[in-house]
Amino acid sequence: MRISEVPDPRPREDEILVSGVELGICGTDREICSGLFGTPPPGRSWFVLGHEGLGRVSRVPPSAHPLGEGTLVIGVVRRPDPEPCAACSAGEAHGCLNGRYTETGITSLDGYGSELWTARPEHLVPVAENLRDVGILIEPASVVAKAWETIAQLEAGFWSASERVLVTGAGPIGLLAALFARQREREVHVFDRDGGLRAALVRDLGAHFHSGCADEVARRVRPDVVVETTAAPEVISGVSRGLAPHGVLCLLGIAADDGVAAPLSSRSTVLGNHSVFGSVSAGLRHFQQAQDALLAAPVNWLPRFVTRRLPLEEAEYAVRRHPEDVKVSVVLGDA
């Protein structure tokens, strides 16, 4: 990762110019900077990092649009492929069927990690002003919103509503998953190796924090739903054996080494009528659902997420993980 001067973007007639405010950094960004992931735009060996971009509308296209100048916005990540599949044609690029989508700051598109960036109006979501300091959490929360949408669809076919939720990993995605579960009045348990601030954030939600061995925790809790964010094979294997009948295992973590597989017991999965699914990215409705969830979060809970805010000139330190980190951001401007 390096900090460079690049030419100012030139918005096309159908694009909005946005002044960057803040950029959230996540595990995907760290993998990209380590060379494990990411694809630059065609013809380039580099690209602008960042897919958790908060900004303000600086200039709107000649054709009038509801997003007026000064509007606080968050940009969506995934864009439809040039020859849209059925999902992309329906505005559901997050479920692209042919894999030819692009992703801002990840796959073939420059990201939001600059002082100015552009986007088409349909790829921007207006953000409430009182979420200014935590707006970077909307994108990761949108991933959780999409996951819960699928969980709800699966639960609709069960004999009884699920009650106990186990979240593995107390990073930003895991904590947001716990928030969504608590807002649905579930009994929530969170497993993580580290305590400290993460444990405090869990308990302040009214949830239970656990450490130790994931399989032992799962056997004690007997969860109806597991939201897995660690991608650790031993954790996935352990919690899958502790699922209650008709349990749901949602996989949100992605292992850096794709060759490492987590063995799932076919016997317990089949005989337990378990549902296992993976989820990634999100659509516009999930961004709105995410914003609604953040607006309803306990006062003073979300701001504690952001443990480090760095100026743009120190952005390279943002991708270096500190033991006490929960969420790290880069300040792009004071808009």
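Keep in mind that this is a model prediction, so the values were computed, not measured.

S.K.: Teacher, can you tell me more about the overall build of the chain here?
M.R.: Looking only at helices and strands, the chain features nine helices and 16 strands. For 335 residues, the compact-globule estimate of 2.2 N^0.38 gives 20 Å, and the C-alpha radius of gyration of the chain, at 20 Å, lies within 12% of that figure. Counting only C-alpha atoms and orienting by the principal axes, one finds that the chain spans roughly 60 × 45 × 35 Å. Looking at the chain as a whole, 50% of its 335 residues qualify as buried. Within the chain, contacts between residues separated by at least 24 positions form 68% of all contacts whose residues are at least 6 apart in sequence. As displayed, the chain offers around 15600 Å² of accessible surface, 50% of which is attributable to carbon and sulfur atoms. Within the chain, the 42 negative side-chain charges are centred at a point lying 4 Å from the centre of the 32 positive side-chain charges.

S.K.: Looking at this structure, how should I read the state of the cysteines?
M.R.: Here, the word disulfide means a covalent bond between the sulfur atoms of two cysteines. Following the criterion strictly, the structure yields zero disulfides and no others. No disulfide involves cysteine 33; its nearest neighbouring cysteine sulfur is the one of cysteine 26, lying 10 Å away. Cysteine 33 gets classed as partly exposed once you look at its relative accessible area, which sits at 30%.

S.K.: What is the right way to look at the packing of aromatic side chains in this model?
M.R.: To describe a pair of aromatic rings, you give the distance between the ring centres and the angle between the ring planes. Considering all chains together, one arrives at two aromatic pairs under this definition. With 4.3 Å between their ring centres and 50 degrees between their planes, tyrosine 112 and tryptophan 117 make a pair best called tilted. Each of the two residues, tyrosine 112 as well as tryptophan 117, counts as buried. When the ring centre of tryptophan 46 is taken as origin, the NZ or CZ atom of arginine 44, which lies over that ring, is 4.1 Å away. One residue, arginine 78, lies across the ring of tyrosine 101, its end atom 3.6 Å from the ring centre.

S.K.: Whenever I open this one, the packing of helix H4 (residues 172-183) against helix H9 (residues 284-295) confuses me. Can you help?
M.R.: Helix-helix packing is characterised by the crossing angle of the two axes and by the distance between the axes. Look at H4 against H9: their axes get within 11 Å of each other, and the N-to-C directions meet at 75 degrees. Considering the angle they form, H4 stands roughly perpendicular to H9. Across the interface between the two elements, Leu176, Leu179, Phe180 and Gln183 of H4 pack against Gln289, Ala290, Ala293 and Leu294 of H9.

S.K.: How should I be thinking about the sheet that holds strand S13 (residues 248-251) in this particular structure?
M.R.: Read across the sheet, six strands follow the order S11-S10-S9-S12-S13-S14 without closing on themselves; strand pairing throughout is parallel. In this open sheet, the two edge strands, each paired with only one partner strand, are strand S11 (208-210) and strand S14 (275-278). Between one strand axis and the next, the sheet turns by 15 degrees as a mean value, whatever way the strands run. Examined bridge by bridge, strand S12 (residues 225-228) and S13 share four bridges and lie parallel to one another. In the strand pairing of S13, glutamate 228 is matched with leucine 251.

S.K.: Please explain the pairing of strand S10 (residues 187-191) as it appears in this structure.
M.R.: Moving residue by residue along a regular strand, the side chains alternate between the two faces of the sheet. The element S10 is largely enclosed, with a buried count of four among its five residues. In this sheet, S10 lies alongside strand S9 (residues 164-168) in parallel orientation, the contact comprising five bridges. Bridge pairing in S10 links valine 165 to valine 188. Regarding topology, H4 serves as the crossover connection from S9 to the parallel S10, and that connection is right-handed. Alignment of S10 against S11, held across three bridges, turns out to be parallel. Considered in S11, the bridge of phenylalanine 191 is made with histidine 210. As a crossover connection, the stretch from S10 through helix H5 (residues 196-204) into S11 is right-handed.

The rules behind these values
Residues numbered from 1 in each chain as written. Predicted model: local features only at pLDDT ≥ 70, side-chain atom pairs only at ≥ 80, totals over all residues. Heavy atoms only, no water. Helix = DSSP H or I, 4+ residues; strand = E, 2+ residues; numbered from the N terminus. Rg over C-alpha atoms; globule rule 2.2 N^0.38 Å. Buried < 20%, exposed > 50% of the residue type's maximum accessible area, 1.4 Å probe, protein only. Contact = heavy atoms within 4.5 Å. Areas by Shrake-Rupley, 256 points an atom, 1.4 Å probe, with all protein chains shown as cover. Lys, Arg positive; Asp, Glu negative; His and termini not counted. Charge placed at Lys NZ, Arg CZ, Asp CG, Glu CD. Disulfide = S-S within 2.5 Å. Phe/Tyr/Trp six-rings, centres within 6.5 Å; stacked < 30°, edge-to-face > 60°. Lys NZ or Arg CZ within 6 Å of the ring centre and 35° of its normal. Axes fitted to C-alpha atoms, helices over the stretch in contact; angles between N-to-C directions. Parallel < 35°, antiparallel > 145°, perpendicular 65-115°, else oblique. Pairing = 2+ DSSP bridges. Right-handed = clockwise from strand over helix to strand, strands pointing away.

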